[in-house]
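An overview of the molecular structure
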Number of protein chains: 4
Amino acid sequence: MGDAVRTRRLPRGVRERQMVDAAVRCFARQGYQAASMDEIAELAGVSKPLVYLYLGSKEELFTACIRREAGALLGAVAAGVEGAADLPPDERLWAGLLAFFTYAAEHPDAWLVLSPRTQGEPFAGELARMRDEVVGFVAGLIGEAAGEGGGVVTGRDVDALAQALAGSAESLATWANETPGVTAKEAAATLMNFAWAGLGNLMKSERWSPR
Amino acid sequence: MGDAVRTRRLPRGVRERQMVDAAVRCFARQGYQAASMDEIAELAGVSKPLVYLYLGSKEELFTACIRREAGALLGAVAAGVEGAADLPPDERLWAGLLAFFTYAAEHPDAWLVLSPRTQGEPFAGELARMRDEVVGFVAGLIGEAAGEGGGVVTGRDVDALAQALAGSAESLATWANETPGVTAKEAAATLMNFAWAGLGNLMKSERWSPR
Amino acid sequence: MGDAVRTRRLPRGVRERQMVDAAVRCFARQGYQAASMDEIAELAGVSKPLVYLYLGSKEELFTACIRREAGALLGAVAAGVEGAADLPPDERLWAGLLAFFTYAAEHPDAWLVLSPRTQGEPFAGELARMRDEVVGFVAGLIGEAAGEGGGVVTGRDVDALAQALAGSAESLATWANETPGVTAKEAAATLMNFAWAGLGNLMKSERWSPR
Amino acid sequence: MGDAVRTRRLPRGVRERQMVDAAVRCFARQGYQAASMDEIAELAGVSKPLVYLYLGSKEELFTACIRREAGALLGAVAAGVEGAADLPPDERLWAGLLAFFTYAAEHPDAWLVLSPRTQGEPFAGELARMRDEVVGFVAGLIGEAAGEGGGVVTGRDVDALAQALAGSAESLATWANETPGVTAKEAAATLMNFAWAGLGNLMKSERWSPR
DNA sequence: TATGAATGAGAGTTCATTCAT
DNA sequence: CATGAATGAACTCTCATTCAT
C-alpha cells in the first residue's frame, strides 16, 4: 500500500523529535501565527491528533521548539566560552561570539525561530525568558571583564551593554545568514571589532584581531 | 448615549489618521496576525467597512502604519544629524542616536510596530525595506567617518558595522522602553560608549562623553 | 477643477437614461448578483445616492433595465411583423425573425440582459413575464398559421411549439453574437429553415410519430 | 435530540454525495451567487468547514455539481442513442430526445443547475464547456443524418442547427418541467415534430429561402 | 439637484481542536 | 499507537443602503 512507511509505529521519543523538527521548520519560515498545525503534522508525516497527543497544543509545541533550540544554542556558546576559561576576557568573548555565529549559520531555521521579537504572540514570555537568559549570560561575561579591568561600570550599565551586544549579535547573525558569502568567522570578527575596539578606534585602523 | 461623538461626520483625512492611530496601537500590542480589523475599527470609533473603504485591506493598513511611523522616525533622526552637520563624526553620531532614542521613548507603540523582525508576514518586504533604509543611512554615516578618519574599512565592513549598530540600537531602545527609569539620554550615552569607544576601552574607564 | 462635467445638473430624464445605460452594461457583463451599485454609479458618472434617489433599489433598477430593453426588442419584432401584415404566414415569421436577430446583433448588451434564465434572482418573475409575452406573441403567429393551414394543432401544441421556437431563437442569437462572422440575416435564415420547413409540414398534418 | 443522526461519522464518499446533493438543490433554486455555503452545509447536515475540507471552495463545489449532473445527463442521452444504433437517423434522434426529456423530468434540480446561461459567473467557462459538449454531440448526429440524406449542409450550418436544436430542447424541457401535466414523451414528440419534419426537408435540399 | 460619510448584515474561508474508532 | 471525521469560533472582506448636508 505504500503506507508502510507512514504507518510504522515508532517510539514516542522519535516521533516527538520528528514533530518538533517539522515545527521548527514551519515556524521559522512562516512565523507562529501563519504556520498551521495541518502543515506541521503533514511535514512530520503524522496525523494531527498525534501532534496534539504528544505536544498538547500549538502554543506548547512552539514553546517546546524554543526551549529545545535555545538550549542547544546556549549550550554551544557556553561550551565555547568554557574552552577559553583560562584566557583573558577578550578571548573568552571571542570564543563565545564565534560559537554563536557558527551555530546560527549551521542551524538557520533554529536561529529564525529564536530571533524574532514576536511581541503579541501568546508566548512573548517564553521567548523573552530565553533571550533574557542569554543576555544574562553575556552580562556575566561583561561584568567579570569589568571587574578584572577595574573600570567603573554600574550594574545597570552592564545590563544595557549586554542588551547592546546581544542586539548587535542578533542583527549581524540574521544579516550574515541572508547575505551570501559571509562566513560565521567574518561576522564574529566584525562584531568583535565593533564591540571590543569600538568604532572610534576602528576609524584609526587600530583593529583588534583574533588569535 | 454619547453616540453624538461617534456619529459626527468627519472629513476623510481626520478619520484616516484616527484609524492609523488605532492600527498602530493594535499592531504594536498584538502583532500583525493577532490584531483583528474588528478591534482596530472599534478602537478607532468607526465601523469596519469604513476602514476598508479608506485603507483598503489589512495588509495595506499595516503598510500605511509602517510608512507613516518609519517616515517620522527617520525624519527625527535625520533632523538630529542635520543639526550637527558641522561637527565631527562622533558628535553627529551622538546627535542621531539621541534623536533616535528620544523618538522611540516618546512613541513606544510606533517603535513596537517598527522593531519586530516579523518573518513570514506578507509584508516582510515592506518592513525590511524600511529597516534597510535606516541601515543604509547609518552605513552612510559610518562610511563618512571612516573616510575622514583615514581608517581602512571595506564596503562590506561598513554594511556589517551598520547592521551591528542598528541591532544594538534596536535592542537597547526596546530594553529602555521596558525598563522603568531608563531615560533616552542614558540609553543613547550607553550605546555611544559601547559603539564608539568599544568595550575594551570601557573596561579601562576611558569613556567617551557627550558635550 | 475639471469636475464641471460631472457636476452639471442634468434633467432627470437624461440622468435616468445614463444610469440605465450603465446598468445594462454592467448587468450584461457580470450578471445581476455580481454587478455592484458602486460600479454602475461610477460608470454612469453619478454618485450612488443619486441612483437610489432615481431608481429606488438594485432590484428596481434591474427591472427598469429589463422593461426598457424588452420593450424595445418587442417593438422591433412587432414592427417587422407589422410590415409584412399582408403577406403569407411564412413571410410574416421571416420578417419577425429577421427583426429579432437584427436587434440582438445590434444591441448585444441588451440581449445579454434579457437572455439568461436567471432562476433564483429576486425578479425571476419579471424576466419570465417578459419572455412569456414574447412567447405568447410567437404562439399567436403560429396559431394563425395553423388556422390558415387547416392543420390539426391543439392549444398546448401551439404553446410547446412557441417555446421550442423561442428557445432555438435565443440559443442561435447568443451563438451568433459569440461567433465571429455570423450575420443576423444568416442566423435568421438558418432558423427559418429549421423551423419553417418543419412547421410547413406540420401545417399539412404530415406529422412524424414515434414507434 | 435527534443529534444521533447528525453525529454519526460517515465515510467520506457518502458525505461528499450528501453535500453535492444539497448543493445541487440550493444552486438550482437560488442560483450560484445567491446560494450560500451556510445553507448548503445545513441542508447537507454537516458543518461548513467539512464542506470546505471535502469540496474545496464554492466554485469547486459548483463545478463538482455541474460535472456530476452533466455527466449523468450526457450518459443517459448517449445510452438512449446507443440503444438505437442500428436504426435510421430519425429513430436515433428520437431515442436521444426521449432520453433527454425523461432525464430532465426526473431530475428537475439537476436540469435547473445545468440549464441557465449564467453569464458573469466565475465558471461561465465550465458550464459553457459542458453545453458545448452536448451541442457537439448533437451536431454529430445531425452531421451524420445530413451525410446519409445526401443533403447539402455546410459545417457551420450544422453548428447552427445544433444550437437551434439544443436551444429548443432546453426551452421545452424547462417549460415541460414548469407546466403541470406535460410528460417527457409528449415534449419529446413535439420537439421531434418541430425539428425533424424540418430537418427531413433540409435533407432533401428543399430549403426555404428569404425574399 | 447631488453627494461624501458611514454602516448593518452577511458572505466565503481558515484553523486549532476534539471525538470515536 | 494512531487516525479519519467533524466542528465552533473567528477572520477578512464586500455590498446594498441611508444619513446629513
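If you look chain A up in an unreviewed UniProt entry, it shows as TetR/AcrR family transcriptional regulator from Streptomyces narbonensis.

Here the focus is the overall build of chain A. For chain A, the count of helices and strands is 11 helices and 0 strands. In chain A, the order of α-helices and β-strands from amino to carboxyl end is α-α-α-α-α-α-α-α-α-α-α. Taking contacts inside chain A between residues at least 6 apart in sequence as the whole, the part at least 24 apart equals 64%. Of the accessible surface of chain A, which amounts to about 9700 Å², a share of 55% is contributed by carbon and sulfur atoms.

Next up on the list: the protein's contact with DNA strand F. Taken together, 40 residues form the shell around DNA strand F, and within it Arg9(B), Lys48(B), Lys48(C), Tyr52(C) and Pro49(D) come nearest. Close to the protein, within 4 Å, the atoms of DNA strand F are drawn from sugar and phosphate at a rate of 59%. At 3.1 Å from a phosphate oxygen of DNA strand F is found a main-chain nitrogen or oxygen belonging to Met37(B). In this structure, Lys48(C) approaches DNA strand F through a side-chain N or O atom, which is 2.6 Å from a base oxygen. For the surface near DNA strand F, the elements supplying multiple residues, two or more each, are helix H4 (48-55) of chain A, helix H3 (37-44) and helix H4 (48-55) of chain B, helix H4 (48-55) of chain C together with helix H2 (12-30) and helix H4 (48-55) of chain D. Residues of the surface near DNA strand F, tallied by class, amount to 19 nonpolar, 6 polar and 15 charged.

Looking now at the UniProt feature "domain: HTH tetR-type" (unreviewed entry) in chain A. The positions that UniProt labels "domain: HTH tetR-type" (unreviewed entry) are, in the present scheme, residues 13-73 of chain A. Between the first and last C-alpha atoms of residues 13-73 of chain A the distance is 21 Å; the span itself is 82% helix and 0% strand.

What follows deals with the protein's contact with DNA strand E. Near DNA strand E lie 39 residues; those nearest to it are Lys48(A), Tyr52(A), Pro49(B), Arg9(D) and Tyr52(D). The sugar-phosphate backbone supplies 57% of the atoms of DNA strand E found within 4 Å of the protein. In the model, a phosphate oxygen of DNA strand E is placed 3.2 Å from a nitrogen or oxygen of the Ala35(A) main chain. One nitrogen or oxygen atom from the side chain of Lys48(D) is found 2.8 Å from a base oxygen belonging to DNA strand E. Ranked by the residues each element gives to the surface near DNA strand E, the list is headed by H4(B), at 4 residues. Its residues placed into classes, the surface near DNA strand E shows 18 nonpolar, 6 polar and 15 charged.

Feature annotation in UniProt assigns "DNA-binding region" (unreviewed entry) to the following positions: residues 36-55 of chain A. Between the C-alpha atoms that bound residues 36-55 of chain A there is a distance of 14 Å. The span itself is 80% helix and 0% strand.

Here we come to the nonpolar core. The biggest cluster of nonpolar side chains holds 134 residues, and the ones touching the most others in it are Phe101(C) and Phe101(D). In this structure, Phe101(C) is in contact with Ala169(C), Leu172(C), Ala173(C), Ala184(C), Ala187(C), Ala188(C) and Leu191(C), ignoring residues within four places of it in sequence. Grouped together as the second largest cluster of nonpolar side chains are 130 residues, Met19(A), Leu61(A), Ala184(A) and Val182(B) included.

On to the packing of helix H6 (residues 89-106) of chain B against helix H9 (residues 155-178) of chain B, then. How two helices pack is summed up by the angle between their axes together with the distance between the axes. Residue and element names in this part refer to chain B. Closest axis-to-axis distance for the H6/H9 pair is 10 Å, and the angle between their directions is 40°. Here H6 lies oblique to H9, going by the angle between them. Note on packing geometry: the crossing formed by H6 with H9 is right-handed. Residue-level contacts link Leu93, Phe100, Phe101, Ala104 and Ala105 of H6 to Leu165, Ala169, Leu172, Ala173 and Asn177 of H9. Looking at the contact of H6 with H9 residue by residue, the class counts come to 9 nonpolar, 1 polar and no charged.

Rules of the game
All residue numbers here refer to positions counted from 1 along the written sequence of the relevant chain. For naming, the first written chain is A and the first written ligand is 1, with later ones following in the order written. Residue-level local features of this predicted model are given only where pLDDT is at least 70; pairs of side-chain atoms are given and counted only at 80 or more, and the full residue set underlies all totals for whole chains, interfaces and linings. With hydrogens and water set aside, each side-chain value is computed from the structure's full complement of heavy atoms. A run of DSSP states H or I qualifies as a helix once it reaches four residues; a run of E qualifies as a strand once it reaches two. Both are numbered from the N-terminal end. Contact criterion: two residues are considered in contact whenever any of their non-hydrogen atoms come within 4.5 Å of each other. Shrake-Rupley sampling with a 1.4 Å probe provides the accessible areas, and residues are treated as covered by the protein chains on show and by no other component. The near set for a molecule or strand comprises every residue that places at least one heavy atom within 4 Å of it. By the criterion applied in these results, polar contacts are pairs of N or O atoms within 3.5 Å in which, for protein atoms, one can donate a hydrogen and the other can accept it, and in which residues neighboring in sequence qualify only through two side-chain atoms. Residues are grouped as follows: Ala, Val, Leu, Ile, Met, Phe, Trp, Tyr, Cys and Pro are nonpolar; Asp, Glu, Lys and Arg are charged; all remaining types, including Gly, are polar. UniProt positions are given in the numbering used here, feature names are shortened, and annotations may be inferred rather than shown by experiment. Among buried residues, the Ala, Val, Leu, Ile, Met, Phe, Trp, Tyr and Cys ones that are joined through side-chain atoms within 4.5 Å form a nonpolar core. Exposure classes here rest on a 1.4 Å probe applied to the protein chains alone. A residue is buried below 20% of its type maximum, exposed above 50%, and partly exposed in between. Axis definition: a line fit to C-alpha positions, over the contact stretch in the case of helices; interaxial angles, taken between N-to-C directions, run 0 to 180 degrees. With respect to orientation, any angle under 35 degrees is reported as roughly parallel, any angle over 145 as roughly antiparallel, any angle of 65 to 115 as roughly perpendicular, and every other angle as oblique. A crossing counts as left-handed when the near helix is turned anticlockwise from the far one by less than a right angle, and as right-handed when that turn is clockwise.

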